[in-house]
Amino acid sequence: MRVFAVFLTLLLLGSTNAQVVIQGKVVDVSSRKPLSGAKIQLDKQEALATTGADGAFEVKGIEPGYHTITVTVDGYESESSSELLFTYDKSPYILLELTSLASGVGEVSIRKTSIQKREAESPVSSQKLSIREIERNPGGNRDISKIIQSLPGVVSVPGFRNDVVIRGGAPSENKFYLDGIEIPIINHFQTQGSTGGPVGLLNVNFIKEVNFYTGAFPVNFANGLSSVLDFRQMDGNANKAKYRFTLGSSDVGFTADGPMGKKATYIFSARQSYLQGLFSVLGLPFLPNFIDYQAKVKVKLNDKDDISFLMVGAVDFFRLNLKVNDNITDSLQLKSNKYILGYLPVYRQWNYTFGTVYTHYGKGSKTQYFLSRNMLNNTSYKYRNNDESTEDNRIFTYNSIEEENKLRVENSRSLNRWKVLTGAGVEYVQFGVDNKAKILIPGAPGTAGIVKDIAFNSQLNLAKYSGFVRAYRNVMGNGTLSFAGRLDGNTFNKEMQNVLNQPTASVSASLPTKVDGLFFNANVGQFTQLPSYTILGYRNAAGELDNLNRVKYIRNRMVAAGLQYNKVKDTRITLEGFYKKYANYPLALNDSICLGNLGTDFAVVGNEPVSSVCDGRAYGMEFLIQKRSRSGLYGILAYTLSWSEFNDKNGKAVNSAWDSRHTLSLVGGMKLKRNWEMGAKFRMASGRPYTPYDVQRSLVKGNWDVKGVALNDYSRLNAERLGTFSQLDIRVDKVWYFKRSSLNLYIDIQNFLNKEYIGQPTLIASQDAAGNLITDPNVTVPSYKGEYLVNSNGFLQPSIGVIFDF
């Protein structure tokens, strides 16, 4: 141990008289010409440097830490970089692209800080997160899906999963883009047909900022109904190779970045989970494990052209701990473990996305080509009593592959006073599934259900095509007006082949009011989403595509409007209202439930007969105060009041599973002396509705032996409601900056107050002392006796992390 301490000391220590040096370049966004005489400011302080004839600048003598670079020059809109980390030996190269005021278009530039920036196409329902807000988020564990739960419109979902529920919509309504490339999967063990999972797979070491849209979606980003997350990655270090080692509560990771010759940079990372060993020691009945990787290479071909290559992927394993009850004597623990082992399947899943982005700057225009391929392989199976020795015990086996190959072209240019974006895209999709399962069709009360053996192999080939256009301009001085339209189609059925049957249209405005610094922002639009491939590829016993003539694009017509106040320094204040009207949502025909209520467990969503007949709506209001300052103080206060409804099988509107009426989030942090930093996050949310069990049907032997879990009584859809959820998380960081390295130690405590949250009680079939299920002699239909287990979530979760840059 002493040898290690001495080695670490020698590695870290060095003269800290070295200076932080920030280098960069300022160019015209259209012509790519360098801009000389531009003033360079650090964190909105006095100008520290000016650019030379080649547009380059250098700032020396800066304190290490997070900083924002702002540039101003006559005849151009001012521009600010993302908040980035600068150390003695690791400072990212800054490229700032400025828009000429002569064009009369562009993003509104009246703000004092970039946090107050309003995008022309999305002046409402959009937020930005900086790297500091991402990395230092208490309780977030450097996981993007957890971090965005601090923002308005996002419902805090108790438990261990990363299901993102936004403005009353299902998790399947969210879409994700990485440097313009769509990435369908951002979580490990992701629910197929939805987007949630327990652990995020994106490495935040790559991310410089996140653009988060809950409405007014960018027209070039398709298929979002509740949100679009646009992740922007850093480039590799152009000067020298640098490395980062991270050790967190669930994984260990390594990141490397640096130059590849004179014109290229790279950044690469890999992570390995150690949850399987940890869960085994803790005595849990399931043992997850994962590996993920991420990489980006950027090549500057010349002043007008560059090309980037990126990839992200993961391999997930999920097995059962069949020896968990060895040496366990507590009866409740024995029952709980046996219940979980009785229904939880074994999972194996892997996925990847490869993408290329080619950018060409022409005379007054910018053209980009996005080429990508993504693939998901999902396997799961379950045998009765986990006995795989005979096929008679098989409850289901499921193997599925999704492949997408995509090409999108975009061109943006100025036409008189308008900024115009046009583009088109094509996709080729291959979906395959091999499904063998026992399907339960519940009978009438007091009777056994019908158990069917189904087996089908489905191969689906699909072509998708789209075209889009957006135009915006300045109005009323520093206001904006934007129009956008999009047409999508595919070859699944005749309804979807006609692009006019599912148009997307959006109109946005940001207008100044008579009150200085107060803007009225609004958007009205129609947005569509293709149902999941699990729905499209489902086949009946005859081998036919069962949903061929019953499904359409899901439609969301949405209005959002509100006010933004910019006169408080380094602060963004917004008040918004929204209304969403859903149509053509798939209804599961066997269970007669709208799929808009599903998506937060590990089951596949949509692998069944459905019909696009369900309607719904969500509406509410949101309030936000977001602050960043050069003193190191940052914070977010977000409050959402909302309602969410979907129709039941009788066409009656009932509360959806996402109807959390009140949601409050308060996040704050401050940089202290000697590079200490402290932060806290408090979340509170009204209890969400849930559907009570059909106890009598659930305990019928034929039903329980197939499902292993209780059946919901959908005649009382979402008739009950859980209690209020609240949680306080805290985090403390200490950073040491050395000449050739830096060391960040942190402690992150989730649920600091150790507050317990009680969910819906779990109905199980009663067990005797030997673990055998007990028959109920008092009913005519062969059934088991039942009992309830307390469903408790929430306990104090401290973790210690290490981030070592060298």
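Calculation criteria
Residues numbered from 1 in each chain as written. Predicted model: local features only at pLDDT ≥ 70, side-chain atom pairs only at ≥ 80, totals over all residues. Heavy atoms only, no water. Helix = DSSP H or I, 4+ residues; strand = E, 2+ residues; numbered from the N terminus. Rg over C-alpha atoms; globule rule 2.2 N^0.38 Å. Buried < 20%, exposed > 50% of the residue type's maximum accessible area, 1.4 Å probe, protein only. Areas by Shrake-Rupley, 256 points an atom, 1.4 Å probe, with all protein chains shown as cover. Lys, Arg positive; Asp, Glu negative; His and termini not counted. Charge placed at Lys NZ, Arg CZ, Asp CG, Glu CD. Salt bridge = Lys/Arg side-chain N within 4 Å of Asp/Glu carboxyl O. Pairing = 2+ DSSP bridges. Axes fitted to C-alpha atoms, helices over the stretch in contact; angles between N-to-C directions. pLDDT = per-residue confidence, 0-100. Contact = heavy atoms within 4.5 Å. Phe/Tyr/Trp six-rings, centres within 6.5 Å; stacked < 30°, edge-to-face > 60°. Patch = residues over 30% accessible without salt bridge, like charges linked within 9 Å, V, L, I, M, F, W, Y side chains within 5 Å. Expected span 1.5 Å × (residues − 1). Core = buried A, V, L, I, M, F, W, Y, C linked by side-chain atoms within 4.5 Å. Polar contact = N/O pair within 3.5 Å; in protein donor to acceptor, adjacent residues only side chain to side chain.

**Focus: the overall build of the protein**
Then comes step 1: Summing up its helical and strand segments, the protein has nine helices and 48 strands in all.
Then comes step 2: For the protein, whose C-alpha radius of gyration is 27 Å, the value lies close to the compact-globule estimate of 28 Å for 806 residues.
Then comes step 3: For the protein, with 806 residues in total, the buried portion stands at 56%.
Then comes step 4: In the form shown here, the protein has an accessible surface area of approximately 33200 Å², with 56% of it arising from carbon and sulfur atoms.
Then comes step 5: Distance from the positive charge centre (91 side chains) to the negative charge centre (73 side chains) of the protein: 5 Å.

**Quick look at the pattern of salt bridges**
Then comes step 1: Within the structure shown, the criterion is met by 39 salt bridges.
Then comes step 2: A salt bridge links Lys296 to Asp179; the shortest N-O distance between them is 3.4 Å. Residue Lys296 is found in strand S22 (residues 286–300), and its partner Asp179 is found in the loop between strand S13 (174–178) and strand S14 (181–182); the two are separated by 117 residues along the sequence. Assigned by exposure class, Lys296 and Asp179 land together as buried.
Then comes step 3: Residues Asp230 and Arg232 are paired through a salt bridge, measuring 3.1 Å at the closest nitrogen-oxygen approach.

**Points about the sheet that holds strand S3 (residues 47–50)**
Then comes step 1: Taken in spatial order, the four strands of this open sheet run S3-S2-S6-S7, and their pairing is antiparallel. A strand with exactly one partner marks an edge of an open sheet, and here the two such strands are S3 and strand S7 (79–80).
Then comes step 2: Bridge analysis of strand S6 (residues 69–72) against S7 gives two bridges, and the strand direction is antiparallel. Paired with Val71 across the strands is Glu79, a residue of S7.

**Considering the sheet that holds strand S4 (residues 56–62)**
Then comes step 1: Pairing is mixed across the open sheet formed by three strands, whose spatial order is S4-S1-S9. Lying at the two open borders of the sheet, with one neighbouring strand each, are S4 and strand S9 (94–98). Ignoring strand direction, the axes of neighbouring strands in this sheet form an average angle of 25°.
Then comes step 2: Sheet topology note: the strand S1 (residues 20–28)/S4 ladder contains five bridges and is antiparallel. Considered in S4, the bridge of Val20 is made with Ile62.

**Some words on the confidence of the model for the protein**
Then comes step 1: Per-residue confidence for the protein averages 88 on the pLDDT scale, and 95% of its residues sit at or above 70.
Then comes step 2: Counting contacts from residues 104–112, a segment whose pLDDT is below 50, to residues more than four positions away or on other chains yields 35 contacts.

**Quick look at the packing of aromatic side chains**
Then comes step 1: Overall, the coordinates contain 24 aromatic pairs when judged by the stated rule.
Then comes step 2: A ring pair is formed by Phe189 and Phe318, whose centres lie 5.9 Å apart and whose planes are at 75°; its orientation type is edge-to-face. One end of the pair, Phe189, is in the loop between strand S15 (187–188) and strand S16 (199–200); the other, Phe318, is in strand S23 (residues 305–320), and 129 residues separate them in sequence. Assigned by exposure class, Phe189 and Phe318 land together as buried.
Then comes step 3: Between the aromatic rings of Tyr582 and Tyr585, the centroid separation amounts to 5.7 Å while the plane-to-plane angle is 70°, which identifies the pairing as edge-to-face.

**Notes on the side chain of Ser308**
Then comes step 1: Mapped onto the elements of the fold, Ser308 is located in strand S23.
Then comes step 2: Since its relative accessible area comes to 12%, Ser308 is described here as buried.
Then comes step 3: Ignoring anything within four residues of it in the chain, the contact list for Ser308 reads Lys296, Val297, Lys298, Gly355, Thr356 and Val357.

**Digging into the pairing of strand S36 (residues 634–647)**
Then comes step 1: Buried residues dominate S36, accounting for eleven of its 14 residues.
Then comes step 2: Direction of pairing for strand S35 (residues 610–628) relative to S36: antiparallel, over a ladder of 13 bridges. Its bridge partner lying in S36, Arg617 is registered against Glu645.
Then comes step 3: Both S36 and strand S38 (residues 662–671) contribute to a ladder of eight bridges, which runs antiparallel. From the neighbouring strand, Thr640 faces S38, where its bridge partner is Thr663.
Then comes step 4: Judged from the three bridges that link them, S36 and strand S37 (residues 653–655) form a sheet pairing that is antiparallel. The partner of Phe646 across the bridge, within S37, is Val654.
Then comes step 5: Hairpin connection from S36 to S37: five residues lie between these consecutive antiparallel strands, with Gly651 at a positive phi of about 80°.

**Description of a nonpolar patch on the surface**
Then comes step 1: On the surface, a cluster of nonpolar side chains totalling about 640 Å² of accessible area is made up of Tyr243, Phe245, Leu247, Phe254, Tyr274, Leu278, Leu282 and Phe806.
Then comes step 2: Among the secondary structure elements, those contributing two or more residues to the nonpolar patch are strand S19 (242–247) and helix H4 (275–282).
Then comes step 3: For the nonpolar patch, the element with the highest residue contribution is S19, accounting for three residues.
Then comes step 4: Here Tyr274 lies in the loop between strand S21 (264–273) and H4.

**Things to note about the environment of Leu763**
Then comes step 1: Summarising the element assignment, Leu763 is placed in strand S45 (residues 762–765).
Then comes step 2: Residues Leu763 and Tyr784, spaced 21 residues apart in sequence, show a C-alpha to C-alpha distance of 12 Å.
Then comes step 3: With residues near it in sequence (within four places) discarded, Leu763 still touches Tyr339, Tyr693, Val695, Ser698, Trp704, Ala710, Gly786, Glu787 and Tyr788.

**Details of helix H5 (residues 331–343)**
Then comes step 1: Over its 13 residues, H5 extends 19 Å from the first C-alpha to the last, a length consistent with the 18 Å expected when each residue adds 1.5 Å.
Then comes step 2: By the burial criterion, the buried members of H5 are Lys335, Asn337, Tyr339, Ile340 and Leu341.
Then comes step 3: Turning to H5, the residues buried within the fold contact S22, S23, strand S25 (365–383), helix H9 (701–707), S45 and strand S46 (786–789).

**Some details on the nonpolar core**
Then comes step 1: Counting residues in each nonpolar core, the largest one holds 34 residues, and the members touching the most others are Leu129, Ile134, Ile144, Ile148, Val210, Leu229 and Phe231.
Then comes step 2: Of all the secondary structure elements, the ones that give two or more residues to this core are helix H3 (144–147), S13, strand S17 (207–213), strand S18 (227–233), S23, S25 and S36.
Then comes step 3: In contact with Ile134, other than residues within four places in its own chain, are Leu129, Ile144, Ile147, Val204, Ile207 and Val210.

**What to know about unusual backbone geometry**
Then comes step 1: Positive phi, normally seen in glycine, also occurs at Asn584, with a value near 65°.
Then comes step 2: For Asn584, the position within the fold is in strand S33 (residues 571–588).
Then comes step 3: Accessibility expressed as a relative area gives 18% for Asn584, which makes it buried.
Then comes step 4: Residues other than glycine seldom take positive phi values, yet Asn718 does so here, at roughly 50°.
Then comes step 5: Secondary-structure assignment places Asn718 in the loop between H9 and strand S41 (720–721).

**Some words on the side chain of Ser80**
Then comes step 1: Structurally, the position occupied by Ser80 is in strand S7.
Then comes step 2: Among the polar contacts made by the side chain of Ser80, one reaches the side chain of Thr70 at a distance of 2.8 Å.

**Focus: the pairing of strand S24 (residues 346–362)**
Then comes step 1: Across 14 bridges, S23 lies against S24 in antiparallel orientation. Bridge pairing in S24 links Ile307 to Tyr358.
Then comes step 2: The pairing of S24 with S25 spans 17 bridges and is antiparallel. Residue pairing for S25: His360 is matched across the bridge by Thr367.
Then comes step 3: As consecutive antiparallel partners, S24 and S25 are separated by two residues, and within that stretch Gly364 has a phi angle of approximately 70°, a positive value.

**Considerations on the environment of Ile730**
Then comes step 1: By secondary structure assignment, the location of Ile730 is in strand S42 (residues 725–737).
Then comes step 2: On the basis of relative accessibility, which here comes to 22%, the residue Ile730 falls in the partly exposed class.
Then comes step 3: Sequence separation of Ile730 and Ile328 is 402 residues, and the distance between their C-alpha atoms is 34 Å.

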